[in-house]
Amino acid sequence: MAKVEFRNVSKEYTENVRVVDNFNLNVNDGEFLVLVGPSGCGKSTILRLLAGLEEITEGEIFIDNKCVNRIPPKDRDISMVFQNYALYPHMTVFKNMAFGLKLRKFPKKEILKLVNKTAKILNIEDLLERKPKQLSGGQKQRVALGRAIIRQPSVFLFDEPLSNLDAKLRVHMRTEIKKLHNRLKTTMVYVTHDQTEAMTMGDRIVVIKNGIVQQLGAPMNIYNDPANFFVAGFIGSPVMNLLNANIENGQLIINNGKIKIPLLETQKKVLRSYNDREIIAGIRPENITIENNGPNYVGVKLFLDVFETLGSEILLYLNDGKSNIICKTDKYDPKIKQTDTLTVFFNVDKMHFFEKESGNKI
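As the structure is a computational prediction, the values presented were derived from the model and not from experiment.

> Sorry, what's going on with the overall build of the protein here?
Per the secondary structure count, the protein includes 9 helices and 20 strands. Each principal axis of the C-alpha distribution contributes one length, and for the protein these read about 75 × 50 × 35 Å. Counting over 362 residues, the protein shows a buried share of 48%. A sequence separation of at least 24 residues applies to 67% of the contacts in the protein between residues at least 6 apart. A gap of 8 Å separates the mean positions of the 51 positive and 41 negative side-chain charges of the protein.

The structure is reproduced here in structure tokens:
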């Protein structure tokens, strides 16, 4: 096991165009850390810099307190699992898993022992004589994992390993990877654009935009306390409702008066300096209800565009004539029809407020 440290790391592909900009991060020994962000934000580049597959423009990377900037990938004691599995098509599963050990001159008996042990962990013992073309996507991913863990590296790197799998298999495999981490206790750095993967898998997650860290923390801390409206609008499924608003006479005026919400006394104090200034108000879909659940709930009339039934919950897609608003509820009323006007209730105590200019949380 090992800890990983990025110190002021930057990467430029062309002059004055930085894919990664002054990136600083400490990954704890044995931690499962997830880098998450939209496509093109630089997260895979960060992983490739750590692996040694890309050259750093500025800064330093340390693995177990040793600077690895000039150390080739094969000597960094890492294993990487790729999105496309990267299996050798002409080799059997056994030979794919054994290949790295063979290059390192392991004895044949030791290779056989390690392959069988790893195959048992991943439940692929009956696949050892098959070739990749005879495997399903999930089986290929298990083999790729097996090839990575058989080397017993200090650090595992995962570059969007589940994106080629169907939805059901993704859920299953992310559980398997998390169980594997619990068993091995090895440092793992995992890249994904899927915020659900990030929330369910990471001990901590790093939200990245344009090569810059937006927020770092435990999944639920980021969910409950987003640092800016980019994080608020990226983390969560469905994402947080973000609405243009002003503060007037202790009220939140949304969309030029389409919605008016009296603020709590604590909120009035926080927002006092923002009177007559435009801000962004945020509320998560689960904090909008179709029942009045207490004194902190304020009724708002909205139009229903469409609703989706998801079994245990229903998503209501609403609008105030200007903005779309999503409500997540477990209450289903068969009388509700599209184009109906509904009264829904905002939990004012759960609202978030962001500066319009900087995007930072107020």
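> I would appreciate a short explanation of helix 1 (residues 43-51) in the present structure.
Because each turn of an α-helix spans 3.6 residues, side chains separated by three or four positions end up pointing in the same direction. Summarising burial for helix 1: 7 of the 9 residues are buried, a large majority. For helix 1, the set of buried residues is Lys 43, Thr 45, Ile 46, Leu 47, Leu 49, Leu 50 and Ala 51. Following helix 1 by one or two positions, Gly 52 adopts a phi angle in the positive range, close to 90°.

> Can you help me understand the side chain of Asn 96 in this one?
Locating Asn 96 in the fold gives a position in helix 2 (residues 93-103). In this structure Asn 96 comes out as buried when scored by relative accessible area, which is 0%. A distance of 2.8 Å separates a polar atom in the side chain of Asn 96 from the backbone nitrogen of Tyr 88. Beyond its immediate sequence surroundings of up to four residues, Asn 96 is in contact with Leu 87, Tyr 88, Met 91, Pro 132, Val 143 and Arg 147.

> Would you mind showing me how to read the nonpolar core here?
Nonpolar side chains in soluble globular proteins tend to be buried together. Core analysis: the largest hydrophobic core is formed by 45 residues, its most contacted members being Met 97, Phe 158, Ile 177, Tyr 190 and Ile 235. Once you skip the residues sitting within four places of it in the chain, Met 97 turns out to touch Val 115, Thr 118, Ala 119, Ile 124, Leu 128, Val 143, Gly 146, Arg 147 and Ile 150. If you look at the next biggest cluster of nonpolar residues, it comprises 30 residues, including Tyr 274, Leu 302, Ile 325 and Val 348.

> Any chance you could explain the sheet that holds strand 19 (residues 341-347) here in plain terms?
Sheets are built from strands paired through backbone hydrogen bonds, the pairs being either parallel or antiparallel. Strands sit in the order 15-19-16-17-18 across an open sheet of 5 strands; the sheet is antiparallel. Two strands bound the open sheet, and with one partner strand each, they are strand 15 (288-289) and strand 18 (324-329). Of the pairings in the sheet, the one linking strand 17 (residues 314-319) to strand 18 comprises 6 bridges and is antiparallel in character. Paired with Tyr 317 across the strands is Ile 326, a residue of strand 18.

> Help me understand the packing of helix 4 (residues 137-149) against helix 5 (residues 167-184), please; the structure alone is not making it clear to me.
When two helices pack together, their arrangement is given by the angle between the helix axes and the distance between those axes. Two numbers describe how helix 4 lies on helix 5: the axes approach to 11 Å, and their chain directions differ by 20°. For the element pair helix 4 / helix 5, the angle class is roughly parallel. Classified by chirality, the crossing of helix 5 by helix 4 is right-handed. Of the residues in helix 5, those touching helix 4 at Gly 137, Gly 138, Gln 141, Arg 142, Leu 145 and Ile 149 are Leu 169, His 172, Met 173, Glu 176, Ile 177, Leu 180 and Leu 184. Taken together, the residues of the contact of helix 4 with helix 5 break down into 7 nonpolar, 4 polar and 2 charged.

> Looking at this model, I keep getting lost on the pattern of salt bridges. Mind explaining?
Pairing between side chains of opposite charge can happen when their charged atoms approach one another. Summed over the entire model, instances satisfying the criterion amount to 13 salt bridges. Across the salt bridge formed by Arg 18 and Glu 12, the nearest N and O atoms sit 2.8 Å from each other. In this structure Glu 12 comes out as partly exposed when scored by relative accessible area, which is 24%. Notably, a salt bridge pairs Glu 265 with Lys 268, separated by 3.1 Å at the nearest N-O pair. Pair noted here: Glu 265 and Lys 268 are both in helix 9 (residues 265-270), with a separation of 3 residues, about one helical turn. When its relative accessible area of 54% is taken as the criterion, Glu 265 is described as exposed. Assessed through its relative accessible area of 31%, Lys 268 is described here as partly exposed.

> Mind showing me how you'd approach the environment of Gly 233 here?
Tracing the sequence through the fold places Gly 233 in helix 8 (residues 229-234). Of the residues examined, Gly 233 reaches a relative accessible area of 28% and is grouped as partly exposed. The spatial distance from the C-alpha of Gly 233 to the C-alpha of Ile 314 is 20 Å, given a sequence separation of 81 residues. Setting aside anything within four residues of it in sequence, one finds Gly 233 in contact with Val 239 and Leu 242.

So, how was this worked out
Residues numbered from 1 in each chain as written. Predicted model: local features only at pLDDT ≥ 70, side-chain atom pairs only at ≥ 80, totals over all residues. Heavy atoms only, no water. Helix = DSSP H or I, 4+ residues; strand = E, 2+ residues; numbered from the N terminus. Buried < 20%, exposed > 50% of the residue type's maximum accessible area, 1.4 Å probe, protein only. Contact = heavy atoms within 4.5 Å. Lys, Arg positive; Asp, Glu negative; His and termini not counted. Charge placed at Lys NZ, Arg CZ, Asp CG, Glu CD. Polar contact = N/O pair within 3.5 Å; in protein donor to acceptor, adjacent residues only side chain to side chain. Core = buried A, V, L, I, M, F, W, Y, C linked by side-chain atoms within 4.5 Å. Pairing = 2+ DSSP bridges. Axes fitted to C-alpha atoms, helices over the stretch in contact; angles between N-to-C directions. Parallel < 35°, antiparallel > 145°, perpendicular 65-115°, else oblique. Left-handed = near helix turned anticlockwise from the far one by under 90°. Nonpolar A, V, L, I, M, F, W, Y, C, P; charged D, E, K, R; others polar. Salt bridge = Lys/Arg side-chain N within 4 Å of Asp/Glu carboxyl O.

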